[in-house]
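Each chain is listed here by its residues.
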Amino acid sequence: MPEKASISELFRLPSIEKQDTWYPTLRKTVWVLSQLHDFVKPAIFEDIAQEAINLCRQSLVAAADLIRVKAPMDSQLFLARHLLLLKEVTQNLDLSQKDTEGSGNSGRDFAGMSDTLASMLSKTTSLLPDALFTSLGMPRTDESIQEAKHGIDHDLRRACEAVITLCTDPITQPLHVWAMTPTQPNVAHPGPPIPSVSRHKPSAHDIVSTFERACSTELRAHAGRMRLYLEDSRTVTARVLLEHVRERVGDAYEIFWEASGSGSGGGEQVMSIPVVRKLLID
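All of these numbers come straight from a predicted model, not from anything done at the bench.

About the thresholds
Residues numbered from 1 in each chain as written. Predicted model: local features only at pLDDT ≥ 70, side-chain atom pairs only at ≥ 80, totals over all residues. Heavy atoms only, no water. pLDDT = per-residue confidence, 0-100. Contact = heavy atoms within 4.5 Å. Helix = DSSP H or I, 4+ residues; strand = E, 2+ residues; numbered from the N terminus. Expected span 1.5 Å × (residues − 1). Bend = angle between axes of the 7 residues up to and from the residue. Buried < 20%, exposed > 50% of the residue type's maximum accessible area, 1.4 Å probe, protein only. Axes fitted to C-alpha atoms, helices over the stretch in contact; angles between N-to-C directions. Parallel < 35°, antiparallel > 145°, perpendicular 65-115°, else oblique. Nonpolar A, V, L, I, M, F, W, Y, C, P; charged D, E, K, R; others polar. Arc of directions from axis to C-beta. Core = buried A, V, L, I, M, F, W, Y, C linked by side-chain atoms within 4.5 Å. Polar contact = N/O pair within 3.5 Å; in protein donor to acceptor, adjacent residues only side chain to side chain. Salt bridge = Lys/Arg side-chain N within 4 Å of Asp/Glu carboxyl O.

Caption draft 1: Inspection of the confidence of the model for the chain at higher detail. Chain-level statistics for the chain give a pLDDT mean of 76 and a share of 66% at 70 or above. Low pLDDT, under 50, characterises residues 103-112; the stretch is placed with 17 contacts to residues that sit more than four places away or in other chains. Predicted confidence for residues 122-143 stays below pLDDT 50, and this span has 36 contacts to residues more than four positions away or in other chains.

Dropping the structure here:
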């Protein structure tokens, strides 16, 4: 079988020009499928495509596991980026299959990585696995390509949640610890004093100062890294993830703010919630 001179229009993803930055197994998968698509019967091609996509997904997960040893954030961003690209391939294949089955819809919607992620994470307050998976809205009709798509969605959901957790935990953990630590012992105890964690509890102002510095440095660094990995012509993909990061950090601060007594007028007066929400956007 002669090699095709160019990649079929079906496999021309919006980011195809940057395929030299793709992981080799993804690049090879797209190339092989583009070579076979026009020469193999649809039923046979679908089986080959499903197997190739599954193997490619497994190789991406394995590569991310190796990266994670030294760079946890980079590993999850690497995985999210490549799974989004692989998901585009499966979407195009699924649309092509429906066209061949006589759906009458010849126009293909090349939604792009950003629209894919935006639909997955659409307005979910907390990325709990079940809630996030429900937001996928994936029908289980055609079992072949659809099965491969669900495998991608499962790993992509986990990668996105890992990115958000890695971004937020270092910033929100001090807030949670402070809010859960009692200010003073609840019951007076006669005799020698009992050692208590509360004696070493920092002031709310100290926690806010640390929080503000983290937002200005760590959060901005994470945002830059997201844009580096998940860039596209509109940079929507990184923005969707950042919206969830900001929401989670803002919610954690709100719990801290209430625990500090600022809302009731008692206790230490710290930075207000609207000011923090603005800080997170800036």
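Now, onward.
Caption draft 2: Just helix H7 (residues 204-229), in detail. Look at H7: 36 Å from first C-alpha to last across 26 residues, which is about the 38 Å you get at 1.5 Å a residue. The principal kink in H7, of about 35°, is found at Cys215. Of the positions making up H7, those classed as buried are Ala204, Ile207, Val208, Phe211, Ala214, Cys215, Leu219, His222, Ala223, Met226 and Tyr229.

Caption draft 3: Spotlight on the packing of helix H1 (residues 24-36) against helix H2 (residues 42-68). Across the interface, H1 lies against H2 with an axial gap of 9 Å and an inter-helix angle of 175°. Taken together, H1 and H2 sit at an angle that is classed as roughly antiparallel. Contact residues: Thr25, Leu26, Thr29, Leu33 and Leu36 in H1; Phe45, Ile48, Ala49, Ala52, Ile53, Cys56, Ser59 and Leu60 in H2. Within the contact of H1 with H2, the residues separate by chemical class into 10 nonpolar, three polar and no charged.

Caption draft 4: Structural view of helix H9 (residues 273-281). What H9 keeps buried is the set Ile273, Val276 and Leu280. On an axial view of H9, the arc spanned by its buried residues comes to 60°, and they lie on one face. Within H9, the exposed residues directed more than 90 degrees away from the buried face are Pro274, Lys278 and Ile281.

Caption draft 5: Quick look at the environment of Val163. By secondary structure assignment, the location of Val163 is in helix H6 (residues 143-180). Look at Val163 and you get buried, because its relative accessible area is 0%. For Val163, the contacting residues outside a window of four places in its chain are Met73, Gln76, Leu77, Met226 and Leu241.

Caption draft 6: Expanded view of the nonpolar core. Counting 59 residues, the largest nonpolar core has Phe211, Met226, Tyr253 and Phe256 as its most contacted members. At the level of elements, H1, H2, helix H3 (72-100), H6, H7, helix H8 (236-259) and H9 are the ones that each hand at least two residues to this core. Among all residues touching Phe211, those that are not within four sequence positions of it are Ile171, Leu175, Val249, Tyr253, Val276 and Leu279.

Caption draft 7: Expanded view of the side chain of Ser34. Within the secondary structure layout, Ser34 lies in helix H1. A residue is classified by how much of its surface remains accessible, and Ser34, at 0% relative accessible area, is buried. Reaching out from Ser34, the side chain makes a polar contact with the backbone oxygen of Trp31 at a distance of 2.7 Å.

Caption draft 8: How the structure looks around the side chain of Gln76. Tracing the backbone shows Gln76 in helix H3. Leaving out residues up to four positions away in the same chain, Gln76 has contacts with Arg68, Ala159, Ala162, Val163 and Leu166.

Caption draft 9: Region of interest: the pattern of salt bridges. Using the criterion set out here, one finds seven salt bridges in the structure. Notably, a salt bridge pairs Arg277 with Glu254, separated by 3.4 Å at the nearest N-O pair. Within this pair, whereas Arg277 is found in helix H9, its partner Glu254 is found in helix H8, the two being separated by 23 residues in sequence. One salt-bridge network, held together by shared partners, links Asp251, Glu254 and Arg277.

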